[in-house]
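Results of the structural survey
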Amino acid sequence: HSSIRISSLNQFLRANHKRLACYYLISAILFGVSATLFSLLLRIELYSSGNRIIPFENQNFYNLSITLHGLLMIFFLVMPGLYGAFGNYFLPVFLGSPEVAFPRVNSFSFLLLPVSYAFVILSTASEFGAALGWTLYPPLSTSLMNLSAAAVDLIIDGLIISGVSSLFGSLNFLATIAAYGVLRSSFPLFTASILITAILLILTLPVLSAALLILLADLHFNTVYFNPAFAADPVLYQHFFWFFGHPEVYILIIPAFGIISEGISLFSQKIILAFDSMILALLCLSILGSGVWAHHIYTVGLEVDTRAYFTAVTIMISLPTGTKVFNWFCSYLGNSMQLSNITSIKWIILFLLTFTLGGSTGVILANSATDLALHDTYYVVAHFHFVLSLGAVIALFSSLILYQKVIFASDLSFYSSTVFHFFLSFIAVLMTFTPMHFLGFNVMPRRISDITDNFNSWNYVSSVGSIFTLVSAALLKKKK
(Lines give C-alpha, C1' and ligand atoms only; values in the text may rest on other atoms or scores of the structure.)
Protein backbone atom coordinates (compact mmCIF):
# COMPACT_ATOMS: atom_id res chain seq x y z
CA HIS A 1 0.00 0.00 0.00
CA SER A 2 2.85 2.40 0.81
CA SER A 3 4.46 1.72 -2.57
CA ILE A 4 1.15 2.48 -4.29
CA ARG A 5 0.85 5.78 -2.37
CA ILE A 6 4.44 6.73 -3.24
CA SER A 7 3.82 5.89 -6.90
CA SER A 8 0.67 8.04 -6.95
CA LEU A 9 2.56 10.90 -5.30
CA ASN A 10 5.35 10.62 -7.86
CA GLN A 11 2.81 10.71 -10.67
CA PHE A 12 1.36 13.90 -9.22
CA LEU A 13 4.76 15.55 -8.65
CA ARG A 14 5.76 14.94 -12.25
CA ALA A 15 3.38 17.79 -13.11
CA ASN A 16 2.55 16.54 -16.58
CA HIS A 17 0.41 19.16 -18.30
CA LYS A 18 -2.17 16.61 -19.49
CA ARG A 19 -2.52 15.07 -16.04
CA LEU A 20 -2.90 18.50 -14.45
CA ALA A 21 -5.51 19.39 -17.07
CA CYS A 22 -7.55 16.37 -15.96
CA TYR A 23 -7.16 17.47 -12.32
CA TYR A 24 -8.40 20.94 -13.28
CA LEU A 25 -11.37 19.47 -15.12
CA ILE A 26 -12.39 17.13 -12.30
CA SER A 27 -12.00 19.90 -9.71
CA ALA A 28 -14.07 22.31 -11.81
CA ILE A 29 -16.89 19.77 -12.09
CA LEU A 30 -16.88 19.09 -8.33
CA PHE A 31 -16.79 22.79 -7.49
CA GLY A 32 -19.55 23.41 -10.03
CA VAL A 33 -21.81 20.89 -8.30
CA SER A 34 -21.70 22.91 -5.06
CA ALA A 35 -22.34 26.13 -6.98
CA THR A 36 -25.33 24.54 -8.72
CA LEU A 37 -26.80 23.39 -5.41
CA PHE A 38 -26.72 26.97 -4.12
CA SER A 39 -28.58 28.13 -7.23
CA LEU A 40 -31.18 25.40 -6.70
CA LEU A 41 -31.79 26.74 -3.20
CA LEU A 42 -32.49 30.16 -4.72
CA ARG A 43 -34.91 28.80 -7.30
CA ILE A 44 -36.82 26.69 -4.73
CA GLU A 45 -37.16 29.77 -2.52
CA LEU A 46 -38.53 31.78 -5.47
CA TYR A 47 -40.88 28.99 -6.57
CA SER A 48 -43.73 31.15 -5.30
CA SER A 49 -44.31 34.09 -3.00
CA GLY A 50 -43.72 33.80 0.72
CA ASN A 51 -40.83 32.28 2.63
CA ARG A 52 -40.55 28.63 1.65
CA ILE A 53 -37.29 27.02 2.80
CA ILE A 54 -35.42 30.05 4.15
CA PRO A 55 -37.11 31.46 7.28
CA PHE A 56 -37.95 35.13 7.44
CA GLU A 57 -35.57 35.60 10.38
CA ASN A 58 -32.59 34.33 8.33
CA GLN A 59 -32.80 36.23 5.06
CA ASN A 60 -29.04 36.64 5.26
CA PHE A 61 -28.72 33.02 4.11
CA TYR A 62 -30.50 33.84 0.84
CA ASN A 63 -27.96 36.53 -0.04
CA LEU A 64 -25.16 34.24 1.16
CA SER A 65 -26.35 31.64 -1.37
CA ILE A 66 -26.26 34.30 -4.11
CA THR A 67 -22.73 35.27 -3.08
CA LEU A 68 -21.34 31.74 -3.10
CA HIS A 69 -23.20 30.72 -6.26
CA GLY A 70 -21.68 33.62 -8.20
CA LEU A 71 -18.15 33.26 -6.84
CA LEU A 72 -18.00 29.48 -7.24
CA MET A 73 -19.40 29.51 -10.77
CA ILE A 74 -17.03 32.20 -12.00
CA PHE A 75 -13.78 31.49 -10.20
CA PHE A 76 -14.07 27.74 -9.55
CA LEU A 77 -16.08 26.26 -12.44
CA VAL A 78 -15.68 28.26 -15.64
CA MET A 79 -12.11 29.53 -15.17
CA PRO A 80 -10.54 26.20 -14.08
CA GLY A 81 -12.67 24.27 -16.58
CA LEU A 82 -12.17 26.26 -19.78
CA TYR A 83 -8.95 28.16 -19.14
CA GLY A 84 -7.10 25.87 -16.73
CA ALA A 85 -8.10 22.43 -18.03
CA PHE A 86 -8.30 22.88 -21.79
CA GLY A 87 -5.57 25.52 -21.83
CA ASN A 88 -3.15 23.19 -20.05
CA TYR A 89 -4.07 20.21 -22.19
CA PHE A 90 -4.09 21.70 -25.67
CA LEU A 91 -1.78 24.73 -25.61
CA PRO A 92 1.46 22.68 -25.63
CA VAL A 93 -0.10 20.29 -28.16
CA PHE A 94 -1.00 23.09 -30.60
CA LEU A 95 2.44 24.66 -30.14
CA GLY A 96 4.24 21.36 -30.67
CA SER A 97 5.97 21.56 -27.29
CA PRO A 98 6.45 18.60 -24.94
CA GLU A 99 5.39 20.56 -21.84
CA VAL A 100 4.55 24.01 -20.54
CA ALA A 101 7.50 26.29 -19.83
CA PHE A 102 7.46 25.79 -16.04
CA PRO A 103 5.83 22.47 -15.08
CA ARG A 104 6.38 22.89 -11.31
CA VAL A 105 4.81 26.35 -11.37
CA ASN A 106 1.91 24.78 -13.26
CA SER A 107 1.47 22.24 -10.47
CA PHE A 108 1.69 24.99 -7.86
CA SER A 109 -1.04 26.95 -9.68
CA PHE A 110 -3.36 23.98 -9.47
CA LEU A 111 -2.58 23.26 -5.80
CA LEU A 112 -3.66 26.79 -4.88
CA LEU A 113 -7.10 26.18 -6.35
CA PRO A 114 -8.54 23.74 -3.74
CA VAL A 115 -6.98 25.88 -0.99
CA SER A 116 -8.84 28.98 -2.22
CA TYR A 117 -12.05 26.93 -2.58
CA ALA A 118 -11.70 25.75 1.03
CA PHE A 119 -11.35 29.35 2.24
CA VAL A 120 -14.53 30.40 0.42
CA ILE A 121 -16.56 27.43 1.67
CA LEU A 122 -15.32 27.87 5.25
CA SER A 123 -16.90 31.32 5.24
CA THR A 124 -20.28 29.60 5.65
CA ALA A 125 -19.22 28.25 9.06
CA SER A 126 -19.40 31.68 10.70
CA GLU A 127 -22.42 32.92 12.59
CA PHE A 128 -23.82 35.16 9.85
CA GLY A 129 -21.86 34.44 6.69
CA ALA A 130 -20.63 36.96 4.13
CA ALA A 131 -23.88 37.78 2.35
CA LEU A 132 -22.29 40.51 0.24
CA GLY A 133 -23.16 39.50 -3.28
CA TRP A 134 -20.26 38.32 -5.44
CA THR A 135 -19.12 41.93 -5.92
CA LEU A 136 -18.31 42.48 -2.18
CA TYR A 137 -19.35 46.14 -2.24
CA PRO A 138 -18.47 48.39 0.71
CA PRO A 139 -19.65 49.71 3.09
CA LEU A 140 -21.50 46.41 3.65
CA SER A 141 -18.29 44.40 3.35
CA THR A 142 -16.41 46.68 5.77
CA SER A 143 -19.14 46.95 8.40
CA LEU A 144 -18.61 44.93 11.58
CA MET A 145 -22.21 45.54 12.66
CA ASN A 146 -23.99 43.62 9.87
CA LEU A 147 -21.86 40.61 8.97
CA SER A 148 -19.19 38.34 10.39
CA ALA A 149 -15.76 39.84 9.81
CA ALA A 150 -14.22 36.34 9.78
CA ALA A 151 -16.51 35.28 6.92
CA VAL A 152 -15.61 38.36 4.88
CA ASP A 153 -11.92 37.69 5.59
CA LEU A 154 -12.18 34.11 4.37
CA ILE A 155 -13.87 35.06 1.11
CA ILE A 156 -11.37 37.84 0.42
CA ASP A 157 -8.44 35.52 1.25
CA GLY A 158 -9.89 32.81 -1.00
CA LEU A 159 -10.27 35.20 -3.92
CA ILE A 160 -6.73 36.53 -3.50
CA ILE A 161 -5.32 32.98 -3.49
CA SER A 162 -7.40 32.14 -6.57
CA GLY A 163 -6.01 35.27 -8.24
CA VAL A 164 -2.43 34.22 -7.46
CA SER A 165 -3.19 30.80 -8.98
CA SER A 166 -4.57 32.38 -12.17
CA LEU A 167 -1.65 34.82 -12.34
CA PHE A 168 0.98 32.07 -12.17
CA GLY A 169 -0.94 30.03 -14.73
CA SER A 170 -1.18 32.99 -17.11
CA LEU A 171 2.53 33.77 -16.79
CA ASN A 172 3.25 30.11 -17.52
CA PHE A 173 1.07 30.16 -20.65
CA LEU A 174 2.75 33.35 -21.87
CA ALA A 175 6.21 31.86 -21.29
CA THR A 176 5.18 28.69 -23.15
CA ILE A 177 3.93 30.67 -26.15
CA ALA A 178 7.06 32.84 -26.12
CA ALA A 179 9.33 29.78 -25.98
CA TYR A 180 7.64 27.50 -28.52
CA GLY A 181 5.41 29.75 -30.61
CA VAL A 182 7.76 32.61 -31.46
CA LEU A 183 8.76 31.06 -34.80
CA ARG A 184 5.20 30.28 -35.90
CA SER A 185 3.73 32.49 -38.59
CA SER A 186 0.20 32.10 -37.22
CA PHE A 187 -1.59 30.57 -34.25
CA PRO A 188 -4.68 28.37 -34.12
CA LEU A 189 -7.67 30.28 -32.82
CA PHE A 190 -7.59 28.39 -29.53
CA THR A 191 -3.94 29.34 -28.95
CA ALA A 192 -4.73 32.97 -29.77
CA SER A 193 -7.66 32.92 -27.33
CA ILE A 194 -5.45 31.56 -24.52
CA LEU A 195 -2.79 34.20 -25.28
CA ILE A 196 -5.31 37.07 -25.11
CA THR A 197 -6.93 35.66 -21.97
CA ALA A 198 -3.54 35.38 -20.24
CA ILE A 199 -2.70 39.00 -21.08
CA LEU A 200 -6.08 40.19 -19.77
CA LEU A 201 -5.58 38.31 -16.51
CA ILE A 202 -2.08 39.67 -15.97
CA LEU A 203 -3.28 43.25 -16.58
CA THR A 204 -6.45 43.15 -14.48
CA LEU A 205 -5.83 40.73 -11.60
CA PRO A 206 -3.49 43.14 -9.75
CA VAL A 207 -6.30 45.72 -9.71
CA LEU A 208 -8.73 43.25 -8.11
CA SER A 209 -6.11 42.07 -5.62
CA ALA A 210 -5.32 45.65 -4.63
CA ALA A 211 -9.02 46.43 -4.12
CA LEU A 212 -9.48 43.32 -1.95
CA LEU A 213 -6.40 44.16 0.13
CA ILE A 214 -7.74 47.69 0.69
CA LEU A 215 -11.03 46.11 1.85
CA LEU A 216 -9.06 44.09 4.38
CA ALA A 217 -7.27 47.24 5.53
CA ASP A 218 -10.58 49.08 5.98
CA LEU A 219 -11.98 46.10 7.85
CA HIS A 220 -9.11 45.55 10.30
CA PHE A 221 -6.53 48.33 10.24
CA ASN A 222 -8.68 51.44 10.68
CA THR A 223 -8.06 52.81 7.20
CA VAL A 224 -10.93 54.69 5.56
CA TYR A 225 -10.33 54.28 1.82
CA PHE A 226 -13.96 53.27 1.15
CA ASN A 227 -15.74 54.50 4.30
CA PRO A 228 -18.26 57.27 3.50
CA ALA A 229 -18.50 58.20 7.19
CA PHE A 230 -15.01 59.73 6.84
CA ALA A 231 -15.62 61.49 3.50
CA ALA A 232 -14.18 58.54 1.56
CA ASP A 233 -15.83 57.16 -1.57
CA PRO A 234 -17.19 53.58 -1.72
CA VAL A 235 -17.76 54.10 -5.46
CA LEU A 236 -13.97 54.03 -5.84
CA TYR A 237 -14.09 50.33 -4.97
CA GLN A 238 -16.73 49.80 -7.66
CA HIS A 239 -14.40 51.36 -10.24
CA PHE A 240 -11.57 49.09 -9.07
CA PHE A 241 -13.73 46.00 -9.05
CA TRP A 242 -15.33 46.48 -12.44
CA PHE A 243 -12.04 47.42 -14.06
CA PHE A 244 -11.32 43.74 -13.41
CA GLY A 245 -14.93 42.56 -13.49
CA HIS A 246 -15.79 43.42 -17.07
CA PRO A 247 -12.59 42.03 -18.64
CA GLU A 248 -13.33 38.98 -16.47
CA VAL A 249 -16.42 38.40 -18.63
CA TYR A 250 -14.13 38.06 -21.65
CA ILE A 251 -11.59 36.06 -19.63
CA LEU A 252 -14.40 33.54 -19.12
CA ILE A 253 -15.81 33.53 -22.64
CA ILE A 254 -12.74 33.97 -24.91
CA PRO A 255 -11.39 30.43 -24.19
CA ALA A 256 -14.90 29.22 -25.07
CA PHE A 257 -14.60 31.13 -28.36
CA GLY A 258 -11.37 29.27 -29.11
CA ILE A 259 -12.90 25.87 -28.34
CA ILE A 260 -16.03 26.59 -30.38
CA SER A 261 -13.91 27.80 -33.31
CA GLU A 262 -11.82 24.63 -33.29
CA GLY A 263 -14.97 22.50 -33.09
CA ILE A 264 -16.65 24.22 -36.04
CA SER A 265 -13.40 24.01 -38.04
CA LEU A 266 -13.18 20.29 -37.25
CA PHE A 267 -16.75 19.51 -38.27
CA SER A 268 -16.75 21.69 -41.38
CA GLN A 269 -13.34 20.33 -42.42
CA LYS A 270 -12.04 23.77 -43.32
CA ILE A 271 -10.43 26.81 -41.75
CA ILE A 272 -12.83 29.25 -40.11
CA LEU A 273 -14.05 31.83 -42.63
CA ALA A 274 -12.03 35.08 -42.58
CA PHE A 275 -9.49 33.70 -40.11
CA ASP A 276 -7.62 37.00 -39.77
CA SER A 277 -10.82 38.86 -38.94
CA MET A 278 -11.48 36.37 -36.14
CA ILE A 279 -8.11 37.18 -34.59
CA LEU A 280 -8.78 40.91 -34.95
CA ALA A 281 -12.23 40.45 -33.41
CA LEU A 282 -10.65 38.79 -30.36
CA LEU A 283 -8.22 41.70 -30.03
CA CYS A 284 -11.02 44.26 -30.38
CA LEU A 285 -13.12 42.45 -27.80
CA SER A 286 -10.28 42.47 -25.29
CA ILE A 287 -9.39 46.13 -25.87
CA LEU A 288 -12.95 47.48 -25.92
CA GLY A 289 -13.97 45.20 -23.06
CA SER A 290 -11.23 46.69 -20.87
CA GLY A 291 -12.54 50.21 -21.37
CA VAL A 292 -16.24 49.90 -20.56
CA TRP A 293 -16.16 48.97 -16.86
CA ALA A 294 -18.40 51.84 -15.72
CA HIS A 295 -21.47 50.59 -17.63
CA HIS A 296 -21.95 48.34 -14.57
CA ILE A 297 -22.32 51.39 -12.31
CA TYR A 298 -24.60 53.75 -14.25
CA THR A 299 -26.72 54.11 -11.10
CA VAL A 300 -24.02 55.79 -8.98
CA GLY A 301 -24.59 59.21 -10.56
CA LEU A 302 -22.11 59.41 -13.44
CA GLU A 303 -22.19 62.66 -15.40
CA VAL A 304 -23.89 62.76 -18.79
CA ASP A 305 -20.73 62.83 -20.92
CA THR A 306 -19.28 59.86 -19.07
CA ARG A 307 -22.46 57.85 -19.55
CA ALA A 308 -22.49 58.77 -23.25
CA TYR A 309 -18.93 57.46 -23.68
CA PHE A 310 -19.58 54.16 -21.92
CA THR A 311 -22.87 53.70 -23.81
CA ALA A 312 -21.20 54.24 -27.19
CA VAL A 313 -18.18 52.01 -26.55
CA THR A 314 -20.31 49.24 -25.04
CA ILE A 315 -22.53 49.18 -28.13
CA MET A 316 -19.38 49.07 -30.29
CA ILE A 317 -18.52 45.70 -28.71
CA SER A 318 -21.39 44.22 -30.70
CA LEU A 319 -19.37 44.73 -33.92
CA PRO A 320 -16.49 42.27 -33.25
CA THR A 321 -18.98 39.96 -31.53
CA GLY A 322 -21.23 39.98 -34.61
CA THR A 323 -18.18 39.36 -36.79
CA LYS A 324 -17.38 36.19 -34.85
CA VAL A 325 -20.96 34.89 -34.85
CA PHE A 326 -21.46 35.43 -38.60
CA ASN A 327 -18.06 33.87 -39.39
CA TRP A 328 -18.99 30.82 -37.32
CA PHE A 329 -22.35 30.41 -39.07
CA CYS A 330 -20.86 30.99 -42.54
CA SER A 331 -18.11 28.44 -41.82
CA TYR A 332 -20.82 25.90 -41.03
CA LEU A 333 -22.95 26.65 -44.11
CA GLY A 334 -22.61 24.41 -47.15
CA ASN A 335 -21.55 21.27 -45.25
CA SER A 336 -23.20 17.95 -45.95
CA MET A 337 -22.95 16.57 -42.40
CA GLN A 338 -26.14 15.43 -40.72
CA LEU A 339 -26.88 17.37 -37.56
CA SER A 340 -28.64 14.46 -35.86
CA ASN A 341 -25.61 12.19 -36.21
CA ILE A 342 -23.02 14.50 -34.70
CA THR A 343 -23.06 15.06 -30.96
CA SER A 344 -20.93 18.05 -30.19
CA ILE A 345 -22.12 20.22 -33.09
CA LYS A 346 -25.59 20.32 -31.50
CA TRP A 347 -24.07 21.80 -28.35
CA ILE A 348 -22.03 24.24 -30.43
CA ILE A 349 -25.16 25.51 -32.16
CA LEU A 350 -26.88 25.81 -28.76
CA PHE A 351 -23.90 27.90 -27.61
CA LEU A 352 -24.27 30.17 -30.65
CA LEU A 353 -27.99 30.60 -29.94
CA THR A 354 -27.67 31.41 -26.23
CA PHE A 355 -24.62 33.62 -26.67
CA THR A 356 -26.30 35.61 -29.46
CA LEU A 357 -29.44 36.12 -27.36
CA GLY A 358 -27.36 37.16 -24.36
CA GLY A 359 -25.35 39.59 -26.47
CA SER A 360 -28.53 41.13 -27.84
CA THR A 361 -29.85 41.90 -24.37
CA GLY A 362 -26.41 43.34 -23.59
CA VAL A 363 -26.91 45.92 -26.32
CA ILE A 364 -30.20 46.90 -24.67
CA LEU A 365 -28.52 47.29 -21.26
CA ALA A 366 -25.66 49.27 -22.81
CA ASN A 367 -27.99 52.26 -23.08
CA SER A 368 -27.60 54.15 -19.81
CA ALA A 369 -31.22 55.33 -19.73
CA THR A 370 -32.53 51.79 -20.14
CA ASP A 371 -30.03 50.41 -17.66
CA LEU A 372 -31.16 52.88 -14.98
CA ALA A 373 -34.62 51.31 -15.17
CA LEU A 374 -33.48 47.67 -15.41
CA HIS A 375 -30.23 47.65 -13.42
CA ASP A 376 -31.45 46.02 -10.20
CA THR A 377 -33.98 43.74 -11.86
CA TYR A 378 -33.94 40.18 -13.10
CA TYR A 379 -33.37 41.40 -16.67
CA VAL A 380 -29.68 41.86 -15.81
CA VAL A 381 -29.63 38.38 -14.25
CA ALA A 382 -31.08 36.94 -17.46
CA HIS A 383 -28.53 38.81 -19.59
CA PHE A 384 -25.37 37.59 -17.92
CA HIS A 385 -26.69 34.06 -17.41
CA PHE A 386 -27.40 33.71 -21.12
CA VAL A 387 -23.85 34.84 -21.89
CA LEU A 388 -21.93 33.07 -19.09
CA SER A 389 -24.03 30.45 -17.34
CA LEU A 390 -25.27 29.16 -20.69
CA GLY A 391 -22.55 30.26 -23.11
CA ALA A 392 -19.47 29.27 -21.11
CA VAL A 393 -20.93 26.15 -19.45
CA ILE A 394 -22.40 24.86 -22.72
CA ALA A 395 -18.98 25.40 -24.35
CA LEU A 396 -17.48 23.36 -21.49
CA PHE A 397 -19.96 20.51 -22.10
CA SER A 398 -19.38 20.69 -25.85
CA SER A 399 -15.61 20.50 -25.53
CA LEU A 400 -15.85 17.69 -22.96
CA ILE A 401 -17.92 15.61 -25.38
CA LEU A 402 -15.84 16.61 -28.42
CA TYR A 403 -12.45 15.77 -26.91
CA GLN A 404 -13.37 12.83 -24.67
CA LYS A 405 -11.38 10.38 -26.80
CA VAL A 406 -8.31 12.62 -26.70
CA ILE A 407 -8.40 13.49 -22.99
CA PHE A 408 -9.55 10.16 -21.55
CA ALA A 409 -7.86 7.94 -24.17
CA SER A 410 -11.14 6.12 -24.84
CA ASP A 411 -14.67 6.76 -26.02
CA LEU A 412 -16.64 7.15 -22.81
CA SER A 413 -19.97 7.16 -24.67
CA PHE A 414 -21.41 9.88 -22.50
CA TYR A 415 -25.16 9.75 -22.00
CA SER A 416 -24.97 13.44 -22.89
CA SER A 417 -24.32 12.35 -26.46
CA THR A 418 -27.93 11.21 -26.83
CA VAL A 419 -30.60 13.30 -28.51
CA PHE A 420 -32.83 12.97 -25.44
CA HIS A 421 -30.23 14.53 -23.14
CA PHE A 422 -29.56 17.37 -25.55
CA PHE A 423 -33.20 18.36 -25.98
CA LEU A 424 -33.88 18.01 -22.24
CA SER A 425 -30.97 20.36 -21.55
CA PHE A 426 -32.08 22.73 -24.31
CA ILE A 427 -35.63 23.00 -22.95
CA ALA A 428 -34.41 23.20 -19.34
CA VAL A 429 -32.03 26.12 -19.82
CA LEU A 430 -34.56 28.10 -21.85
CA MET A 431 -37.26 27.46 -19.23
CA THR A 432 -34.89 28.61 -16.48
CA PHE A 433 -33.57 31.86 -17.91
CA THR A 434 -36.02 33.11 -20.55
CA PRO A 435 -38.73 33.98 -17.96
CA MET A 436 -36.21 36.19 -16.17
CA HIS A 437 -36.41 38.65 -19.05
CA PHE A 438 -40.15 39.06 -18.51
CA LEU A 439 -39.66 39.30 -14.74
CA GLY A 440 -37.10 42.04 -15.32
CA PHE A 441 -39.39 44.01 -17.60
CA ASN A 442 -42.00 43.81 -14.84
CA VAL A 443 -39.36 45.25 -12.47
CA MET A 444 -38.88 42.25 -10.21
CA PRO A 445 -35.89 43.19 -8.00
CA ARG A 446 -32.96 40.82 -7.68
CA ARG A 447 -31.43 39.70 -4.36
CA ILE A 448 -34.87 39.76 -2.69
CA SER A 449 -36.10 36.43 -1.32
CA ASP A 450 -39.82 37.20 -1.01
CA ILE A 451 -41.82 38.19 -4.09
CA THR A 452 -45.30 39.51 -4.71
CA ASP A 453 -47.96 37.27 -6.21
CA ASN A 454 -47.86 38.89 -9.65
CA PHE A 455 -44.38 37.38 -10.23
CA ASN A 456 -45.43 33.83 -9.34
CA SER A 457 -46.18 32.48 -12.84
CA TRP A 458 -42.82 33.22 -14.49
CA ASN A 459 -40.92 32.25 -11.32
CA TYR A 460 -42.76 28.94 -11.30
CA VAL A 461 -41.62 28.22 -14.87
CA SER A 462 -38.05 29.27 -14.05
CA SER A 463 -37.87 27.09 -10.94
CA VAL A 464 -39.22 24.04 -12.77
CA GLY A 465 -36.66 24.66 -15.51
CA SER A 466 -33.84 24.75 -12.95
CA ILE A 467 -34.92 21.33 -11.64
CA PHE A 468 -34.90 19.99 -15.23
CA THR A 469 -31.42 21.47 -15.63
CA LEU A 470 -30.22 19.59 -12.55
CA VAL A 471 -31.72 16.36 -13.91
CA SER A 472 -30.04 16.85 -17.28
CA ALA A 473 -26.71 17.58 -15.58
CA ALA A 474 -27.06 14.38 -13.58
CA LEU A 475 -27.32 12.48 -16.88
CA LEU A 476 -23.81 13.65 -17.87
CA LYS A 477 -22.29 10.24 -17.25
CA LYS A 478 -21.07 7.18 -19.05
CA LYS A 479 -23.71 4.93 -20.58
CA LYS A 480 -23.83 1.35 -19.35
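About the thresholds
Residues numbered from 1 in each chain as written. Predicted model: local features only at pLDDT ≥ 70, side-chain atom pairs only at ≥ 80, totals over all residues. Heavy atoms only, no water. Helix = DSSP H or I, 4+ residues; strand = E, 2+ residues; numbered from the N terminus. Rg over C-alpha atoms; globule rule 2.2 N^0.38 Å. Buried < 20%, exposed > 50% of the residue type's maximum accessible area, 1.4 Å probe, protein only. Contact = heavy atoms within 4.5 Å. Lys, Arg positive; Asp, Glu negative; His and termini not counted. Charge placed at Lys NZ, Arg CZ, Asp CG, Glu CD. Salt bridge = Lys/Arg side-chain N within 4 Å of Asp/Glu carboxyl O. pLDDT = per-residue confidence, 0-100. Core = buried A, V, L, I, M, F, W, Y, C linked by side-chain atoms within 4.5 Å. Axes fitted to C-alpha atoms, helices over the stretch in contact; angles between N-to-C directions. Parallel < 35°, antiparallel > 145°, perpendicular 65-115°, else oblique. Left-handed = near helix turned anticlockwise from the far one by under 90°. Polar contact = N/O pair within 3.5 Å; in protein donor to acceptor, adjacent residues only side chain to side chain. Phe/Tyr/Trp six-rings, centres within 6.5 Å; stacked < 30°, edge-to-face > 60°. Lys NZ or Arg CZ within 6 Å of the ring centre and 35° of its normal.

So, on to the overall build of the protein chain. Helix and strand counts for the protein chain come out as 16 helices and 0 strands. Relative to the compact-globule value of 23 Å for 480 residues, the protein chain shows a C-alpha radius of gyration of 22 Å, a close match. For the C-alpha atoms alone, the extent of the protein chain along its principal axes is close to 60 × 55 × 50 Å. Across the 480 residues in the protein chain, those meeting the buried criterion constitute 54%. In the protein chain, once contacts between residues fewer than 6 apart in sequence are set aside, the share between residues at least 24 apart is 81%. Computed over 19 positive and 18 negative side-chain charges, the inter-centroid distance for the protein chain is 22 Å.

Per the stated rule, a full pass over the model turns up 1 salt bridge. With a closest N to O distance of 3.9 Å, Arg446 and Asp376 form a salt bridge. You can see Arg446 sitting in the loop between α15 (419-441) and α16 (456-474) and its partner Asp376 sitting in the loop between α12 (368-374) and α13 (378-402), a full 70 residues away along the chain.

In this model, the protein chain carries a mean pLDDT of 85, and residues with pLDDT of at least 70 account for 90%. Least confident of the elements in the protein chain is helix α1 (residues 2-13), whose mean pLDDT is 52; most confident is helix α9 (residues 304-316), at 93.

The next thing to look at is the nonpolar core. Residues Phe86, Leu136, Leu212, Ile253, Phe257, Trp328 and Phe351 are the most contacted members of the largest nonpolar core, which totals 130 residues. Looking at this core element by element, the count peaks at 21 residues for helix α3 (residues 60-95). Beyond its immediate sequence surroundings of up to four residues, Trp328 is in contact with Phe257, Ile260, Ser261, Ile264, Ile272, Met278, Phe351 and Leu352.

Packing of α3 against helix α7 (residues 234-268) brings their axes to within 10 Å, and their N-to-C directions diverge by 40°. By the angle between their axes, α3 is oblique relative to α7. The interaxial crossing formed by α3 with α7 has left-handed handedness. Of the residues in α7, those touching α3 at Ile74, Phe75, Val78, Met79, Leu82, Tyr83 and Phe86 are Phe244, Glu248, Ile251, Leu252, Pro255, Ala256 and Ile259.

Along the polypeptide, His383 turns up in helix α13. Polar contacts involving the side chain of His383 include one to the side chain of Thr361, which spans 3.1 Å. Excluding its chain neighbours within four sequence positions, the residues that come into contact with His383 are Gly358, Thr361, Gly362 and Leu365.

Pairs of aromatic rings are described using the distance from one ring centre to the other and the angle between the two planes. Taken as a whole, this structure holds 35 aromatic pairs when the rule is applied. Geometrically, the ring pair formed by Phe75 and Phe244 is stacked, given 6.3 Å between the ring centres and 10° between the ring planes. Residue Phe75 is found in helix α3, and its partner Phe244 is found in helix α7; the two are separated by 169 residues along the sequence. Of the residues examined, Phe75 reaches a relative accessible area of 7% and is grouped as buried. Ring geometry for Phe94 versus Phe190: centroids 5.8 Å apart, planes at 75°, classification edge-to-face. Here Phe94, found in helix α3, pairs with Phe190, found in helix α6 (residues 189-220); they are 96 residues apart in sequence, far enough to count as distant. Here the aromatic cluster, defined as three or more aromatic residues joined through ring pairs, consists of Phe86, Tyr89, Phe90, Phe94, Phe190 and Tyr403. Lys346 extends its terminal NZ or CZ atom over the ring of Phe422, reaching a point 5.9 Å from the ring centre.

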